[in-house]
Amino acid sequence: MKAEETLRLLKTEGARKVLAKLYGEDQVEENIRRYSSLTGKFKETYGDKEILIFTSPGRTEISGNHTDHNHGKVLAGSINLDCVGIAAVNGSTRVNIVSETFNQKFTIDLNHMEPSKDKAGTEDLVRGLLKGFEEHGYKTGGFDAYITSNVISSAGVSSSAAFEMLLCSMINKFFNDNQMSTVAYAHVGKYAENVYWDKASGLLDQMACAVGGLITIDFKDPSAPVVEKIDFDFASQDHSLIIVQTGRGHADLSADYSSVPSEMKKVAEFFGKEVCAQVTEEQVIENLKEVRAYAGDRSVMRALHFFEENKRVEAEVAALKEGRFQDFLSDITASGNSSWKWLQNCYTNSSFQEQGISVALALTELYIARKKRGACRIHGGGFAGVIMAMLPNDITDEYISYIEKALGEGSAYRMSIRPYGAVCVNDVI
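We now turn to the structure provided with this report. (Residues numbered from 1 in each chain as written. Predicted model: local features only at pLDDT ≥ 70, side-chain atom pairs only at ≥ 80, totals over all residues. Heavy atoms only, no water.)

With that settled, the discussion passes to the pattern of salt bridges. A complete count under the given rule lists 31 salt bridges for this structure. Between E228 and K321 there is a salt bridge, and its shortest N-O distance comes to 2.6 Å. Of the two residues, E228 is situated in strand β7 (residues 226-229) and K321 in helix α11 (residues 297-321); the sequence distance between them amounts to 93 residues. Here E263 makes a salt bridge to R302, at a shortest N to O gap of 3.1 Å. Of the two residues, E263 is situated in helix α8 (residues 254-270) and R302 in helix α11; the sequence distance between them amounts to 39 residues. Relative accessible area serves as the criterion here: at 14%, E263 is assigned to the buried category. With relative accessibility at 0%, the residue R302 sits in the buried group. (Salt bridge = Lys/Arg side-chain N within 4 Å of Asp/Glu carboxyl O. Helix = DSSP H or I, 4+ residues; strand = E, 2+ residues; numbered from the N terminus. Buried < 20%, exposed > 50% of the residue type's maximum accessible area, 1.4 Å probe, protein only.)

Structure (C-alpha cells):
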C-alpha cells in the first residue's frame, strides 16, 4: 500500500490494538504520530511507493550474565523501545538507507560488498548483513528504507542488534517470502558483527530482539540454540523494569570484556574442552588446586559464576511458570550478587576509583532494603554502563527521582516487555 493508504491503516482499530501491545495503551497516539511522520518522510525522500512498516525492539537481559559465550543459558526479553522503518523494494542492486536518529544517508551497491579499512560504522554493518544473507544461502535485492530509533545507545539494550534485526525482517519479507527463522536472523547479525566489525559477539542480542517477548535461550549448541517463549506478563505483577545509566567509563574496556570469555574458556581448557558448558562444576571443584594453578583464581571464580548462573536461569524460568514471583526476584538479586563478587564485572581494575555501576547498585540496594521490595543487578557486559532494577509500580517514580538525584537527570528509563520481536507491522495488524 502507498502512503495515503498506510496513513488510513494506522488509524484503524486493528492498528491501535497492535500498537498498544508494542508500546502500551498510554503510548498509542504518540506512536501513530511517529509512524505517520515516518511514512511522510519516506514519501518525501523516495516518492510514493508501495511501502511496508517494520519494527524491531531493543532487549533486556534479565538473567544469564556473561553465559552465552560459553554456551550457557539466558533469560531475556524484548522491550518497548524500538527501531521502526518504512521500506519498499526498488528493483535495483542498490540499498538506500536514511537513518533519521543518527542523521545518516547512504547507499550500498550489492555488487560492491567489501568492508571498509576501518571495519566500523553503520555502512559496514549493513554491508555485513547483506553479505551474511548471501553467505547463508538467502536472497537479497535493492530496497529503500527510512528508519528511526529510540533504543538507547550505550545502555546495554542492544541498539545495534535492533537495527540489524529490523533490516533482516525487511530482507526476509521482500526477498525470501518470510521463510527465514529468527535463528537465521541472529546468525546473519552475528556474521555481520564478527566479520565486518571484527567484534566477537555471540547470538544473545540478536535472538532476543528477533524473537520477541520473554524468552529463555540455551546456547549449548550455538548453531541451533534452543529458544523457549515464557508466557508471563510482568504488568500483571504491577512491577516495572528500570534501566539506569551510570555513566560511561573513561577506560578502554575491550580487554576487560574479552577477559571474561577467555578466562572461563581457560578453565575448560584444563579439561581438554573448549567452553565451560562442556565441563561440570563438580569437575572444577574436585580438581580445584590444579585448575587454580593452570587458569588462575579469577578464572575459577568466573567459571563458578557460569555454572551457578545457569542454574539460576533454570530456577527463574520455573518460578515464572509456577507463578512464584517473589522467588524470581530473589534469584535476580542472587544473579546480581554473583556478577559483583564472582564474575567481577562491576568495575575495571585499570581504573578502580571509577565505579559508577557499583555506586548505582549500592544506592539501589539501600533503597530496596528500606522498602523491603524489589530487586536489582548489573545489566549487560558490565565494567561501566548500566544496571537493572525491578520494582513495584507504586514506588517506581520515587526510585527514579532518588537515583536521578544521585546520577543525573534522565539517567533512568522505565521499560516494559513487548510480545513482538522483529516483524512487518502490516502482517500483524
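Turning our attention to unusual backbone geometry. The phi angle at K119 is positive, at roughly 50 degrees, despite the residue not being glycine. Tracing the chain through its elements places K119 in the loop between β4 (104-109) and α4 (121-135). Positioned with a positive phi, N178 is a non-glycine residue whose angle comes to about 60 degrees. Topologically, N178 is positioned in the loop between α5 (159-175) and α6 (182-196).

What follows concerns the packing of α5 against helix α7 (residues 204-211). For any two helices packed against each other, the geometry is given by the interaxial angle and the distance between the axes. α7 packs onto α5 with a crossing angle of 55 degrees between their chain directions and a minimal axis gap of 9 Å. With respect to α7, the axis of α5 lies oblique. Note that α5 runs across α7; the crossing there is right-handed. For the pair α5 and α7, the contacting residues are A161, A162, E164 and M165 in the first and D205, Q206, C209 and A210 in the second. Residue classes in the contact of α5 with α7 are distributed as 5 nonpolar, 1 polar and 2 charged. (Axes fitted to C-alpha atoms, helices over the stretch in contact; angles between N-to-C directions. Parallel < 35°, antiparallel > 145°, perpendicular 65-115°, else oblique. Left-handed = near helix turned anticlockwise from the far one by under 90°. Contact = heavy atoms within 4.5 Å. Nonpolar A, V, L, I, M, F, W, Y, C, P; charged D, E, K, R; others polar.)

What follows concerns the packing of aromatic side chains. Considering all chains together, one arrives at 17 aromatic pairs under this definition. Residues F54 and F174 carry aromatic rings whose centres are separated by 5.6 Å and whose planes lie at 75 degrees to one another, so their mutual orientation is edge-to-face. With F54 in strand β1 (residues 52-63) and F174 in helix α5, the pair connects residues that are 120 residues apart, well separated along the chain. Each of the two residues, F54 as well as F174, counts as buried. Linked through ring pairs, F54, F143, F174 and F175 together constitute an aromatic cluster. Cation over ring: K266 sits above Y294, and NZ or CZ is 4.7 Å from the ring centre. The cationic tip of R370 hangs over the ring face of Y402; the distance from NZ or CZ to the ring centre is 5.6 Å. (Phe/Tyr/Trp six-rings, centres within 6.5 Å; stacked < 30°, edge-to-face > 60°. Lys NZ or Arg CZ within 6 Å of the ring centre and 35° of its normal.)

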